[in-house]
Every structure is written in C-alpha cells, then in structure tokens.
Amino acid sequence: MNDIICAQITPIGSSAIAVIRISGAGTIELMSRFFAPSHKLLAAPANSVILGTLHDAEGIPLDEVLLTIFRAPKSYTGDDTIELSCHGNPALSNRILSLLLTSARMAKPGEFTLRAYLNGKLDLSQAEAVNDLISASTSRAEMAALMQMKGYLSKHLQNILDNIQDARLRCELAIDFADQDLPQIDLSDLNQRISSILATANKLYEEGNQGVKLREGVRICLAGAPNAGKSSLFNAFLKQNRAIVTPHPGTTRDYLEESFSLSGYPIVLFDTAGLRNSNDEIEKEGISRAYTLFEQADLILFLYEDEFQHLPQELQNYTEKIILVAAKSDLYPKRQIPQDHVAISVLSYPGIAALADAILNRLHLPSQILKQPLITNARHLAALSRCIKSLKAAQTALQQEAGFEFIAFELITASSALEEILGVVPTEDLLNKIFSNFCIGK
Ligand SMILES: Nc1nc2c(ncn2[C@@H]2O[C@H](COP(=O)(O)OP(=O)(O)O)[C@@H](O)[C@H]2O)c(=O)[nH]1
Ligand SMILES: [Mg+2]
C-alpha cells in the first residue's frame, strides 16, 4: 500500500519555487537515481536539506534543486518522504514529474493525508481539519481548524470515550457479580457517571451547533419591502457595489449570494427581492425564492424605512431569527425606535457597526475557540447526536432497571458513534468521501 506517490504541492503556474512531494517506501533510493551527488542523498539524515542537481535517466541536468528529506516514521505521511524544491517554471516541474512518474504514481486527492491517517499520524477528525484549514475563509474558521488539527477535539472525545468505557466496564462487572451472587454495584454512582458524561456531551453538541457555522458559514438574509435599502446594506457589508441600487422599487428580483467575514466569522449573505403583492411573473418568482431562503436562514434582517408597521404574514413564524432594522436613519433623525430594533444608515451616521454587533450577539457564535474543544463539522455533530441518544437510552434503561446487558449495549453504541468521529473503524466509503474533497498534493 505504501507504493511511491508524488504530486506538486504548490499551485501550478510560474512562481519563484515549485515544490514536489514524493512519499512511500523506497523514495530516497528512487530519487538518488536522478540526483547528484547521490551518495549525499542516500546518507542524508532525517529532517535535513541538501542541494544538488536533478538530472534525467540519461544524466542530462534538469535543474538545481533543494531536497528536504524526511525518514519514516517522522514525516507527514509516516513513510519516507522527500520534498523537492525546484524553480517555479511549470514546464520544468512537469518534466520533473514525468521523470518521477516512470517509477512512481501520481497521488490521488488527499492521498498524502490519507496515508498519514492510515499510518496513525493523525486521527480522522484531525485529517479533516487539515482540509478545513486549507479551505477556511475567515480567521475564526482557521483558528478552529488549527485547534482540531492539533488534536484538541480528539483529546476531549477520547476523554468522553474513556468515561463511557469505564461505565460500561461497571455494567459488565455487575453482570458477572449477579452470576456469582456477589453484592450489586452502586447504581446511583453509575447513574451519576452517565449523567456527567451526558452533560459533557450535551455541552459539546450545543456549542457544535454554532461551531458548524464556522465551517459552513452563517446564512443571513436581507428582507423587507421594495426600496427599504436591502441592496445598499448588502453592498455596505461586502464593501463593494455588488447589487444594483436604484430609487425604483422592485430593482432586485432574483436573489444575490455573497460571502464575507464579519469579525472573523464566515457569513453567507443573501439580498432578496422586496416583499410586496405583485402581478409581475418575474417579481413573483423572486419573492417566492426569497421565502425559501428565509426558511433556510440562520438570521433574517428585516429592513423598514420610516416607521415599523408589521411583519408580512409569511415571516411571522420566524420571529426568533429576525432582527428588525430601521434603515436610512440619516433621513429620519427624529425617529423613535423600539429598543430591540437596530438603526442603520449606509450613507452617514450611525453606519452599520451596531447591526454587526447585534448579529454577532444574536448568533452566540463561539468566541473561545482557542480555549475549548469545538465541533465544526456536520458529520461529527451527527455522530455526537447519535452518541447522546444512546447515552440517554442507557440512562433510561438504568433508571427502569432494564438489566445491565441493555445498559452496556447502549454504552457500546454510544462509544461507536464517537469512534466514528475519530475514524477508529472507518468504512471505505467514508474515507473516499472525505479524502476526495482534498486537493491533489495534500
Ligand atoms: N439616505 C439614504 N438612502 C438610502 C440608504 N440606503 C438606501 N438608500 C436609498 O434607497 C433607495 C433604495 O435602496 P436599495 O438598496 O436599492 O433598496 P432595496 O430595494 O431594498 O434593495 C436607493 O435610492 C438608495 O440610494 C440610507 O442609508 N440612507
Ligand atoms: Mg434591492
């Protein structure tokens, strides 16, 4: 399985330097056939860098290169690995890759990280965090991915797993004791233990609900009557003239979607068609699309001009995710607004800072990313939810004195759900799904 794989790990195109990674058993011997002085490479200690000439099979020089040598198991993949830095000419790096491909094969997307995982250098949640770190769009998302990659979440999960295991052993002991007519184990102690595990798991889940938004982005929709100032606010958040703004009501018909960072949190913002009764087919379709977006939104900013009247009927069900925004405040200096509304103006005072604060407050986004383990991945959250379900079933079984076999069974199910996050016994399908999202070279 650890045949030699290679790939360029820097972007394709002209650059000062391009880096090609080669990994697998026999990597160093393979490279020594194309590198002079080859004896220096063969004798190179782990984690060293050597300078030399790369030449083809006939000995014709291709480039002057730097090789960084990692020897198994102390490498990213856990196998012998070389990172070859050549000059960043795409034709040249292609020639080098072609040469290597006579004895190695091209790495598949994420294959280096897959090997790191299979070689036990990372667990699955850490491996997933590598990709999250590469694709993170904001500083908070980066921070969360980095902490997960460093094993912060894994350690916390391992702790929960140990506690579940401990409770399960107690159940199994109770089963043995019953067989041997020995005294029963302390039931209230066991109940206490399961409650405490549940509390920890529930906390992780609650925070994970918000944590996932760090990875996937918080969906915020702008809503309101035509001309309320939605597109102007959309542009103000994005700091660019993305949406068309005119004094004519009904300018925005289809919706617009853009991402931006709000204090380091990733936001996906939607500008929608103004809500009104319309006979225009296009406008009606736009309004119906807006309602679909409101349903999926984490937050709806409902803008109104002048005085707030009432929410449209269709928005009445979403009051808990609506922030009421008194727009164009510069035009209404004497306007009195309720305390829970936020006044904005995109042209002058008070700007949109208060609205940004209101959004962050309302979302309860995780701010202590560096201090607490956080779930940011929907796959992990789903597994944790199954774990919690089984823990609750174990607790019910205990309280109803259903028998220790039942409790032990639920605890084993709870453990397996957590182990899915760490990838203890992964399925081929899951690995394919995860690693095919990686780029080639990672
Ligand atoms: N004075 C003032 N005018 C605004 C403000 N926001 C939007 N407008 C104007 O209101 C009109 C409608 O704005 P627009 O963003 O297209 O509204 P939408 O229909 O809700 O998307 C345009 O003429 C904007 O220039 C504001 O904060 N202050
Ligand atoms: Mg508009």
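**Some thoughts on the overall build of the chain**
Now for step 1: Looking only at helices and strands, one finds 14 helices and 13 strands in the chain.
Now for step 2: In summary, the chain has a C-alpha radius of gyration of 29 Å against a globular reference of 22 Å for 442 residues, an excess of more than 25%.
Now for step 3: With the C-alpha coordinates aligned to their principal axes, the bounding extent of the chain is approximately 85 × 80 × 40 Å.
Now for step 4: Sorting the 442 residues of the chain into buried and exposed places 38% on the buried side.

**What about the pairing of strand β10 (residues 265-271)?**
Now for step 1: The buried fraction of β10 amounts to six of the seven residues, a majority that puts the element mostly inside the structure.
Now for step 2: Two elements, strand β8 (residues 218-224) and β10, share four bridges in a ladder whose sense is parallel. Residue Ile220 lies in a different strand from β10, and its bridge partner there is Leu269.
Now for step 3: Sheet topology note: the strand β9 (residues 256-262)/β10 ladder contains seven bridges and is antiparallel. Bridging from a neighbouring strand, Ser259 pairs with Val268 of β10.
Now for step 4: Between β9 and β10, which pair antiparallel one after the other, the connecting turn spans two residues, and Ser263 there sits at a positive phi close to 50 degrees.

**Considerations on the sheet that holds strand β7 (residues 105-106)**
Now for step 1: One open sheet accounts for seven strands, arranged β3-β4-β5-β6-β2-β1-β7; its pairing is mixed. In this open sheet, the two strands that pair with only one neighbour each are β3 (35-36) and β7.
Now for step 2: Pairing geometry for strand β4 (residues 48-55) and strand β5 (residues 61-70), over eight bridges, is antiparallel. Its bridge partner lying in β5, Ile50 is registered against Leu67.

**Comments concerning the pairing of β5**
Now for step 1: Linkage of β4 to β5, two consecutive antiparallel strands, is achieved through a turn of five residues, within which Gly59 is found at a positive phi near 90 degrees.
Now for step 2: Note that β5 and strand β6 (residues 81-88) share five bridges and pair antiparallel. Each residue of the ladder has a partner; that of Phe70, found in β6, is Thr81.

**A few points about the packing of helix α12 (residues 378-399) against helix α13 (residues 404-422)**
Now for step 1: Where α12 meets α13, the closest approach of the two axes is 8 Å, and the angle between their N-to-C directions is 170 degrees. With respect to each other, α12 and α13 are oriented roughly antiparallel. Of α13, the residues touching α12 (which contributes His380, Ala383, Arg386, Cys387, Ser390, Leu391, Ala393, Ala394, Ala397 and Leu398) are Phe406, Ile407, Glu410, Leu411, Thr413, Ala414, Ala417, Leu418, Glu420 and Ile421.
Now for step 2: Among the residues forming the contact of α12 with α13, the class breakdown is 14 nonpolar, three polar and three charged.

**Digging into helix α6 (residues 139-149)**
Now for step 1: For α6, the set of buried residues is Arg140, Ala141, Ala144, Ala145, Met147, Gln148 and Met149.
Now for step 2: On its buried face, α6 sits against α5 (124-135), α7 (152-179), α8 (187-216) and β10.
Now for step 3: In the segment just after α6, Gly151 is the residue with positive phi, at about 95 degrees.

**Examining the site of ligand 1**
Now for step 1: Close to ligand 1 lie 21 residues; Gly229, Lys230, Ser231, Ser232 and Pro247 are nearest.
Now for step 2: Take the shell around ligand 1: its biggest share by element is three residues, from helix α9 (residues 230-238).
Now for step 3: Each residue belonging to the shell around ligand 1 can be placed in one class, and the counts come to eight nonpolar, ten polar and three charged.

**Examining the environment of Ser263**
Now for step 1: Residue placement: Ser263 occurs in the loop between β9 and β10.
Now for step 2: Here the alpha-carbon distance between Ser263 and Asp357, two residues 94 residues apart in the chain, equals 9.4 Å.

**Observations concerning the sheet that holds β9**
Sheet strands pair via backbone hydrogen bonds, and the direction of the pair is either parallel or antiparallel.
Now for step 1: Reading across the sheet, the six strands line up as β9-β10-β8-β11-β12-β13 and stay open at both edges, with mixed pairing between neighbours. Each having just a single partner strand, β9 and β13 (342-343) make up the two edges of the open sheet.
Now for step 2: For β8 and strand β11 (residues 299-304), the ladder comprises five bridges, and the chain directions are parallel. The partner of Ala223 across the bridge, within β11, is Phe302.
Now for step 3: Its contacts with the sheet place α9 against β8, β9, β10 and β11, and it is angled at close to 155 degrees to β10.
Now for step 4: Packed on one face of the sheet, helix α10 (residues 281-296) meets β8, β10 and β11 and runs near 140 degrees to β8.

Scoring rules and cut-offs
- Residues numbered from 1 in each chain as written.
- Chains lettered and ligands numbered in written order.
- Predicted model: local features only at pLDDT ≥ 70, side-chain atom pairs only at ≥ 80, totals over all residues.
- Helix = DSSP H or I, 4+ residues; strand = E, 2+ residues; numbered from the N terminus.
- Rg over C-alpha atoms; globule rule 2.2 N^0.38 Å.
- Buried ≥ 20, exposed ≤ 12 C-beta atoms within 10 Å, placed from the backbone.
- Pairing = 2+ DSSP bridges.
- Axes fitted to C-alpha atoms, helices over the stretch in contact; angles between N-to-C directions.
- Parallel < 35°, antiparallel > 145°, perpendicular 65-115°, else oblique.
- Contact = placed C-beta atoms within 7 Å.
- Nonpolar A, V, L, I, M, F, W, Y, C, P; charged D, E, K, R; others polar.
- Near = placed C-beta within 6 Å.

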